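These are the residues of each chain, in order.
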Amino acid sequence: MSVMLLIGLCFSTLNLQASTEDSSLPQSLSPYIGDATGVIYAVITDEDEYVGAMGYADKENEILADPTKTAFRIGSISKTFVAIAVLQLVDQGLLHLHEDITHYLPAEFRFSHPITLHHLLTHTAGFEDLISGIVVMDEEDLLPLHSSLLRYQPSQTFKPSSIVSYSNYGLALAGYIVERVSRMSLIDYSDRFIFEPLGMTNTTFDPTASDTLISQAYDMDGNARFEPIINLYPEGSVVSTAQDMLKYMRWCLQPTGGILSDESKEKLFSSQYVSSSEFLGISYTWNLHLKNGHRVIEKRGETGNFNSQIVLLPEDNTALFLSFNSPLPWNQIHSIVDDFLAPILSSSVATDSLPPEISLDIAGTYRAARSNFTTIEKLYSFLIPDRTVSITGDVYRGFAMNGEPMTNIGRNYYSSALENVKFIEKTNEIVLLTDSALSYVQVPPLENPQWQWIALVSYILLSALLVFLSVRSIWMTRHLRLLDLYAFATFFFLLGLVNCLNNAISAYNLLQHSSSIQFYTLASIVSTLAFAVTLLAKKHFIQATLVSTIATGFIAFSLINHLIR
């Protein structure tokens, strides 16, 4: 029996539905199908192109993922189609990339600093991150795009063009401008002027389209999950099949414009904002990288349960699209992509390198510019590990990022856990730059999550201990003390806070629950301080000091994350 036949038999047990004899990508994917319930993929190489699928689109009903019929949710890859729509209207003279966008918007839209479409498409408009309003849990809660953009408008934390701050809101706003100028919904516009001309008959911005079979969503244990409905839909609601994405990648690799003028197509895939000379920068919604002398253009998409990535190597006539209906960890997806591209990237082209040099003391705490800084959603920076990095060391001993050593490979340029990063100084603050649409700004040491976790856990343990001691005292003395009332109140309000936070985070809307969260936080703190004061009145100085110290830590935690204002 031939090797290829053996491989084919192995993949048949994994529900492989591929239209090619090439086995390198399925071999890379097969170890992860045990984690992800299903995957679709499309590939273009210099000599061939093909689509495929593995696993299930509907596990309960034993419906296999099909590369030509099953649509997966591709998340933020949708943003690339918004960019195309904007550039099409630029070609028609209806939009201008460097004009103030308030010219295209109703009068109620106001911003701290002037913004252009160029800023929106390069994530440099300066918006802080805001998750509230992006998705809803019930179709009845969907709002018109105009209403959502006004209700959930984030603050401009940074001046436009000063830093890359990835913004779902910014691309939704660009999509709304397309609707205003074209006098069509983005759903209808993209169907007519993007998807139909490219032959993408199973692709739409409308995830409720009845003629499209959309895969069920799953968790990493293979259990069916509810997929939140995207409210700010231009930023990430597209569903598409592997076959349609193959057609899209084919257009992306073509030298001529097709649905765009040649000039606009060049803009779509060329550097539009460069934060440092070490990086290629970002184009209009696409991330640009230089790997072993090869230009790599990529975009990844993430929804509640789907993870997807598209990668283009124009000079090598190569492209790859992957989409999983389970939230497969990104390091595993990157490993698959790296394995697939290894034969191409191993043939390196000589590039200039800079001599190592350190001029900045970069030790400190850094937060992703794609964070919230002004509302209760700042809590996400504490809860999501990737939002904050800690750098320790000094210019003499070297530096480490989150405990992992960093290697100096250029002027304030390092190889790190975030791949290659560059540090620059802006207005007396140090900024950490990456070669994608993600930057980190330095924040005060008090915002380091490590001590915040200590403060929070200490407070939770203290509350549980006080209740335990109170119950024990009541059991032994058959008497209810004032201290017991304060202990029960603290624990009750803390449980209320945890429940409220859980509901808010599950609904992806902390802002909607902010009043309740602030009430429970403040009530819990007041009852704890009352407990400490009562201890002090009874001259239990050591116990009062301990309770006050832990309460103070929780107060600091609450102030930092805007749980109280």
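Just above, that's the structure.
Bear in mind that the values here come from a model prediction, so they are computed numbers and not experimental data.

A.B. asks: Mind showing me how you'd approach the overall build of the chain here?
C.D. replies: The helix and strand inventory of the chain stands at 15 helices and 24 strands. In summary, the chain has a C-alpha radius of gyration of 26 Å against a globular reference of 24 Å for 565 residues, a match within 12%. Projected onto the principal axes, the alpha-carbon positions of the chain cover approximately 85 × 55 × 55 Å. Across the 565 residues that make up the chain, the buried fraction comes to 54%. Long-range pairs, those at least 24 residues apart, make up 67% of the contacts in the chain between residues at least 6 apart in sequence. Summed over its atoms, the accessible surface of the chain is roughly 24900 Å², and 55% of this surface lies on carbon and sulfur atoms.

A.B. asks: For this particular structure, what's the right way to read the sheet that holds strand E24 (residues 439-443)?
C.D. replies: Spatial strand order, E19-E18-E17-E16-E24-E23-E22-E21-E20: nine strands in an open sheet with antiparallel pairing. One side of each edge strand has no neighbouring strand; the edge strands of this open sheet are strand E19 (404-405) and strand E20 (407-410).

A.B. asks: Help me understand a negative patch on the surface in this model?
C.D. replies: On the surface, Asp138, Glu139, Glu140 and Asp141 cluster together into a patch of negative charge. Summarising the element assignment, Asp138 is placed in the loop between strand E6 (135-136) and helix H5 (145-151).

A.B. asks: Which parts of the structure should I look at to understand the environment of Pro327?
C.D. replies: Mapped onto the fold, Pro327 is located in the loop between strand E15 (318-324) and helix H10 (330-345). Residue Pro327 is classed as partly exposed on the basis of its relative accessible area, which comes to 29%. Sequence-distant contacts of Pro327, that is, excluding residues within four places in its chain, are made with Tyr218, Asp219, Met220, Asn305 and Asn307.

A.B. asks: Help me out: how do you make sense of helix H9 (residues 262-269) in this one?
C.D. replies: Since the α-helix advances by 3.6 residues per turn, residues separated by three or four positions end up pointing in the same direction. Every buried residue belonging to H9 is among Ser264, Lys265, Leu268 and Phe269, and all of these are buried. Considered in projection along H9, the buried side chains sweep an arc of 130° and stay on one side of the axis. Turned more than 90 degrees from where H9 packs its buried face, Glu263 and Glu266 sit exposed. Along its buried surface, H9 packs onto helix H3 (78-91), helix H8 (242-253), strand E12 (287-291), strand E13 (294-302) and strand E14 (307-313).

A.B. asks: Where do I start with the packing of aromatic side chains in this structure?
C.D. replies: Aromatic rings in a pair are described by how distant their centres are and how their planes are angled relative to each other. All chains considered together, the criterion is met by 24 aromatic pairs. With centroids separated by 5.7 Å and ring planes inclined at 85°, the aromatic side chains of Phe72 and Phe306 adopt a geometry described as edge-to-face. In this pair, Phe72 sits in strand E5 (residues 70-73) while Phe306 sits in the loop between E13 and E14, placing the two residues 234 residues apart along the sequence. Between the aromatic rings of Tyr366 and Phe423, the centroid separation amounts to 5.8 Å while the plane-to-plane angle is 70°, which identifies the pairing as edge-to-face. Of this pair, Tyr366 sits in strand E16 (residues 364-368) while Phe423 is found in strand E22 (residues 419-426), placing the two residues 57 residues apart along the sequence. Taken individually, Tyr366 and Phe423 each receive the classification buried, so the pair is uniform in this respect. Aromatic ring contacts, followed pair by pair, group Phe81, Phe195, Phe205, Tyr233, Tyr248, Trp251, Phe269 and Trp286 into a single cluster. Note that Lys265 overlies the ring of Trp251, its terminal NZ or CZ placed 4.1 Å from the centroid. The ring of Trp330 has Arg300 lying over it, and the distance from NZ or CZ to the ring centre is 4.2 Å.

A.B. asks: Explain the environment of Leu312 here, please?
C.D. replies: Along the chain, the position of Leu312 falls in strand E14. Its relative accessible area of 1% is what places Leu312 among the buried residues. Sequence spacing of Leu312 and Gly364 is 52 residues, and the spatial spacing of their C-alpha atoms is 36 Å. Discounting residues that sit within four places of it in the chain, Leu312 has contacts with Met249, Cys252, Leu253, Phe269, Trp286, Arg295, Val296, Ile297, Thr318 and Ala319.

A.B. asks: When you look at the sheet that holds strand E11 (residues 239-240) in this model, what are you seeing that I'm missing?
C.D. replies: Hydrogen bonds between backbone atoms are what pair the strands of a sheet, whose relative direction is either parallel or antiparallel. Strand order across the open sheet formed by three strands is E7-E5-E11, with mixed pairing between neighbours. Of all the strands in the sheet, just strand E7 (213-214) and E11 have a single pairing partner and so form its edges. Here E5 pairs with E7 via two bridges, running parallel. Its bridge partner being in E7, Thr70 is matched across the sheet by Leu213.

A.B. asks: What am I meant to see in the pairing of strand E23 (residues 429-433) here?
C.D. replies: Looking along a regular strand, one sees the side chains alternate between the two faces of the sheet. Counting buried positions along E23 gives four out of five residues, so the element sits mostly inside the fold. Here E22 pairs with E23 via five bridges, running antiparallel. When the sheet's bridge partners are listed, Ile424 is paired in E23 with Val431. Sheet analysis places E23 next to E24, joined by three bridges and oriented antiparallel. Counterpart to Leu433 in the pairing with E24 is Ser439.

A.B. asks: When you look at unusual backbone geometry in this model, what are you seeing that I'm missing?
C.D. replies: Peptide bonds are trans in most cases, and residues, glycine excluded, mostly fall at negative phi. For Asn317, which is not a glycine, the phi torsion comes out positive at approximately 50°. Mapping Asn317 onto the fold places it in the loop between E14 and E15. In this structure, Asn412 is a non-glycine residue whose phi angle is positive, near 50°. Checked against the element boundaries, Asn412 lands in the loop between E20 and strand E21 (413-416).

Definitions and cut-offs
- Residues numbered from 1 in each chain as written.
- Predicted model: local features only at pLDDT ≥ 70, side-chain atom pairs only at ≥ 80, totals over all residues.
- Heavy atoms only, no water.
- Helix = DSSP H or I, 4+ residues; strand = E, 2+ residues; numbered from the N terminus.
- Rg over C-alpha atoms; globule rule 2.2 N^0.38 Å.
- Buried < 20%, exposed > 50% of the residue type's maximum accessible area, 1.4 Å probe, protein only.
- Contact = heavy atoms within 4.5 Å.
- Areas by Shrake-Rupley, 256 points an atom, 1.4 Å probe, with all protein chains shown as cover.
- Pairing = 2+ DSSP bridges.
- Patch = residues over 30% accessible without salt bridge, like charges linked within 9 Å, V, L, I, M, F, W, Y side chains within 5 Å.
- Salt bridge = Lys/Arg side-chain N within 4 Å of Asp/Glu carboxyl O.
- Lys, Arg positive; Asp, Glu negative; His and termini not counted.
- Charge placed at Lys NZ, Arg CZ, Asp CG, Glu CD.
- Arc of directions from axis to C-beta.
- Phe/Tyr/Trp six-rings, centres within 6.5 Å; stacked < 30°, edge-to-face > 60°.
- Lys NZ or Arg CZ within 6 Å of the ring centre and 35° of its normal.

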